[in-house]
Structures are given as structure tokens and as C-alpha cells.
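Listed below, chain by chain, are the residues.
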Amino acid sequence: MITGNFEYHQPGSIPEAVALLSKLGDDARVIAGGHSLIPTMKLRLAMPEHLIDLQAVKELKKISVSGGEICIGAMTTQAELIASDELHKAAPIVRETSLQIADPQVRYMGTIGGNVANGDPGNDMPALMQCLNANFTLSGPDGERTVNAREFYEAAYFTARDDLEILTEIRFPTCTGGYAYEKQKRKIGDYATAAAAVLLTKSGDSCESASIALTNLADTPVYCEEASQQLVSNGLGDDSVKSAVASAMGQIDPVDDNRGPAEFKRHAAAIILRKAIQQAWARA
Amino acid sequence: MSKQKINLNVNGQSVTAEAEPRELLIHVLREQLEITGPHIGCETTHCGACTVEMDGMSVKSCTIFAVQAQGKEITTIEGLGDPDKLHVLQEKFKEHHGLQCGFCTPGMITRAHRLLEENPNPTEEDVRFGIAGNLCRCTGYQNIVKSVMAAAEEINNPESAT
């Protein structure tokens, strides 16, 4: 399993990385943790002529929480997300999700930026970011811009990121209330058969706000605005949860693969989402 | 593609290798540096047989280009113990029959070493979760988990060793 030939570059700053990517264009790929890209290169599904490794760009490795906002640098690894108590206090759903990604060795290397920017529908972070209403900062030759996670994903491996842009950081509001990331998978290290991210806040007995997003049930993550709104309008009674789940199921489009037929995935997705809603409500 | 010079610290020794950018860390360790403890099992990031420690992280050396490891500290099974003085994990794997064919063992022990560094007092569940990236096709894991738990016990209470 040998990859194609490439030239290796290691820029030391964001401007240097952006300039390099602009110069090399389509022949170059940015590498973060490499745990999606290297396997893809071994299969020769990707054969970049240049790899731009971001490991030396120190400003991309950070977690900060201030003024109700969390900012995470793209090169922050899943192991670092899990280890951060500050982040856990501000958004516990991030640790819960990160612990369900791959295995320990992969989590030491895999980064949040790679996970969200790759556009793989199997990745767990994209749905989480939609659930958290995160904004992605993209740096390119024309400067910086921000794209919301709910508008970022266009199709499998196609995102709003331009080929000459680098995703540099992720911002989202701190969480209050209940949370859950529930994932059905065949074994540790596998992508989800179905997974759901849910955030709920409670006011008395009623649901004040809700946010639901799903993983690996379409060619992009699926943000379920209508289902979320139904929980706010109708509460968390059995009938309301049932109809919110039905609404979310109306948005998914799973395909047959070795994780099972589409019908089975629909069945699993409904159970996983109901579990996630109940868990988030119990924690709210 | 021209070769690049790669400086590494492997098991406490500074070494230099020359590799094309596409050569994986496991290839450089095994073929150039003749460090053959880390094994190539699946070469697809699944099995963990190639696990080494890099700057305090357990990593699968089949999924890192050697050039990415420039300047880093690498520890392999060879750096943990030797035949005359086994590491406590090696001792316990021997004692508790934590291996059968032995192919996964270097990766398993290297991973368990980092796990105990970070969590010296693990529960059985912690151990199972912590070695989930290492596959063993012989043992069914029971004795591997027993061996790691015994090593933790020995490290924490050297006096009460069984």
C-alpha cells in the first residue's frame, strides 16, 4: 500500500500555507492529521503531487472559551478536544462525540479541521457542528471569510470551501442545557450506521430550544430544522417526539452498503435519534 | 522523487534516515533502521500492530509519512525492555498468557504503555476502551486485559506483587 509520489511542504504560518496552496493550485492537497487522506492516497483515490502539512502552523492548535464563544483551531486533535476540561465545561457534547470517533491511536492524530473540512458523510464532526450552529473560518488568497456549518456541505466530499482555501478555525456558542451524541456502529473504529447529535434547553417543563443533526444518513450531514422546531412547539411528550423523529426521517436518504440496506438504516436512525432526544432531555 | 534526510530520536538514540516523502514511518523503522518490533499487519490503520509512541502519543506508524516525523521522539517495543530486563508489561503478558501467536503483541504492549502513563489506575473497561485500536485474532482479549491490569497493579503496589 504505497501512495503516489509527491513533494512534501511544511509551512510555518497561515499566510505561508495559503501562499503555497495558491502557487501549487490543483496539484496540492493540505494534510492535517492525515488519517483520512493517507488511506485515500494509499488506495490512489487521491494522488496529489504536493502535500502541504499544517503541523508546524502553531496558531492552528488552540482551544479558547471566552464571552460565551468557543474557538477551536483546525489542527486541534480529537485527543486534545477530549482532554480539555475547559471545553468539556463549555460544550460537553464535544467530548461525548470525540470519544466515539475511531480508536485511540487515530484520535491522537485526527484533527477537528480535517474531520469537518473533508466532507466525508461518515465523519462525526460535521453533524455535530451543524447541531452547535458552528461557523468555519476559511483563509484564502482573497482573505478570510466565514461559512456556517449548516451551509457548508454540498455533497459527499464537496463543500463550500474553495480549493485554494484552508479551513483555519471553528467557532460556536457555549452550550447550556442537555446534550447527546448517540452513534450506532458495527464495531469500534467504524463509521456510523446512524448517529444523531441533539442539544435541548428547558424552561420549566417546556422545551426552550432544540437542535438536531444526523450523521451518515445522506451524502451530507443532515440538519433537521423542522424536527427541532416541533420539539420547541409541542414539547417532549411521546407523540411530539414521535412526530419530530418522523419529520427527521423524512429528510434522510441513506443508501445500501455493507452497513446494511437503506431500510435498516432508517430503522436504526429512528431509534438512535429517539434515544439521543431522550438522553438530552434527561440531562437538560 | 528525491530522498530527504530525516532525523529522529528512536528509543533514546539520534538516528538519521533517508526516505522519499511517500515512505511510511513503519517502512523506515523496519527497513532502514532495522527496528522490526512494530509489525505491518493490515497497513490500513485498522489493526494497530504497527503502533509506536511518537512525542507521547500512541500512533499507527503505517499512517504517518516518515517525513512528518522529522525531529520527533519515537519509542518502540525495543525501547521498553530487553530480554534480560523485561518491562513490567512484558513480564505480565508472559505471566498471564497475554499472547498466543505474538504478532499483535509489540503494538499491544506499546499502546498499553501509553495508556498506563495517562491512566495509571484503569478499570477493566478503561483498558478495553484504551486498546480498542489494537486487534488480536488469537486470544479473545481476556488475557491481554488481565495482563495490563496486572501490570497496573504491579506499578501501583510493587510490594504486593503476586
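What counts, and at which threshold
Residues numbered from 1 in each chain as written. Chains lettered and ligands numbered in written order. Predicted model: local features only at pLDDT ≥ 70, side-chain atom pairs only at ≥ 80, totals over all residues. Helix = DSSP H or I, 4+ residues; strand = E, 2+ residues; numbered from the N terminus. Rg over C-alpha atoms; globule rule 2.2 N^0.38 Å. Buried ≥ 20, exposed ≤ 12 C-beta atoms within 10 Å, placed from the backbone. Contact = placed C-beta atoms within 7 Å. Core = buried A, V, L, I, M, F, W, Y, C linked by C-beta atoms within 7 Å. Pairing = 2+ DSSP bridges. Axes fitted to C-alpha atoms, helices over the stretch in contact; angles between N-to-C directions. Nonpolar A, V, L, I, M, F, W, Y, C, P; charged D, E, K, R; others polar. Domains from an automatic or database assignment.

K.L.:
Explain the overall build of chain A to me, please; I cannot follow it from the model alone.
P.N.:
Assigned secondary structure in chain A consists of 12 helices and 14 strands. Radius of gyration (C-alpha) of chain A: 19 Å, near the 19 Å computed for a compact globule of 284 residues. Projected onto the principal axes, the alpha-carbon positions of chain A cover approximately 60 × 45 × 35 Å. Counting only residues that meet the buried cut, chain A has 49% of its 284 residues in that class. Within chain A, contacts between residues at least 6 apart in sequence are counted, and of these 62% link residues at least 24 apart.

K.L.:
Whenever I open this one, the nonpolar core confuses me. Can you help?
P.N.:
Nonpolar side chains in soluble globular proteins generally cluster together in the buried interior. If you look at the biggest cluster of nonpolar residues, it comprises 79 residues, and the most contacted ones within it are Val198(A) and Leu214(A). Here Val198(A) is in contact with Cys131(A), Tyr179(A), Ala180(A), Ile212(A), Ala276(A), Ile277(A) and Ala280(A), once residues within four sequence places are set aside. If you look at the next biggest cluster of nonpolar residues, it comprises 51 residues, including Tyr108(A), Val28(B), Leu116(B) and Ile144(B).

K.L.:
What should I look at first to understand the sheet that holds strand β6 (residues 135-140) of chain A in this one?
P.N.:
Where strands meet in a sheet, backbone hydrogen bonds hold them as pairs that are either parallel or antiparallel. Residue and element names in this part refer to chain A. Spatially, five strands are ordered β4-β5-β10-β6-β7 in an open sheet, and the strand pairing comes out antiparallel. If you trace the sheet from one side to the other, it starts and ends with β4 (63-66) and β7 (143-148), each paired once. The average angle at which neighbouring strand axes cross in this sheet is 20°, direction not considered. Sheet topology note: the β6/strand β10 (residues 166-173) ladder contains five bridges and is antiparallel. Bridging across to β10, Leu138 finds its partner in Leu167. Sitting on the sheet, helix α1 (residues 14-24) touches β6 and β10, and the angle it makes with β10 is about 130°.

K.L.:
What am I meant to see in the pairing of β6(A) here?
P.N.:
Residues and elements named next belong to chain A. Pairing between β6 and β7: six bridges, direction antiparallel. Opposite Thr137, over in β7, you have Thr146 as the bridge partner. Adjacent in sequence and paired antiparallel, β6 and β7 are bridged by two residues.

K.L.:
Sorry if this is basic, but what is going on with the sheet that holds strand β1 (residues 7-9) of chain A here?
P.N.:
All names here are of chain A. Here we have three strands laid out as an open sheet, ordered β1-β3-β2, and parallel in their pairing. Either end of the sheet is taken by a strand with one partner, and the two such strands are β1 and β2 (28-31). Here the average twist between neighbouring strands, direction ignored, is 25°. Where β1 and strand β3 (residues 50-53) come together, three bridges link them in parallel fashion. Residue pairing for β3: His9 is matched across the bridge by Ile52. Lying on the sheet, α1 is in contact with β1, β2 and β3; it crosses β3 at an angle near 170°.

K.L.:
Looking at this structure, how should I read the interface of chain B and chain A?
P.N.:
Reports of interface size often rely on the accessible area that becomes lost once the parts have come together. On the side of chain A, 21 residues touch chain B, which itself brings 20 residues to the contact. Class assignment of the residues belonging to the side of chain B that touches chain A gives a composition of seven nonpolar, 10 polar and three charged.

K.L.:
What is the right way to read the domain arrangement of chain B from this model?
P.N.:
Residue and element names in this part refer to chain B. Partitioning chain B into domains gives domain 1 (4-78) and domain 2 (88-157). The distance between the C-alpha centroids of domain 1 and domain 2 comes to 22 Å. Listed per partner, the contact involves 15 residues of domain 1 and 11 residues of domain 2. With three residues, strand β3 (residues 51-54) is the single largest residue contributor to the side of domain 1 that touches domain 2. When its residues are assigned to classes, the side of domain 1 that touches domain 2 shows six nonpolar, eight polar and one charged.

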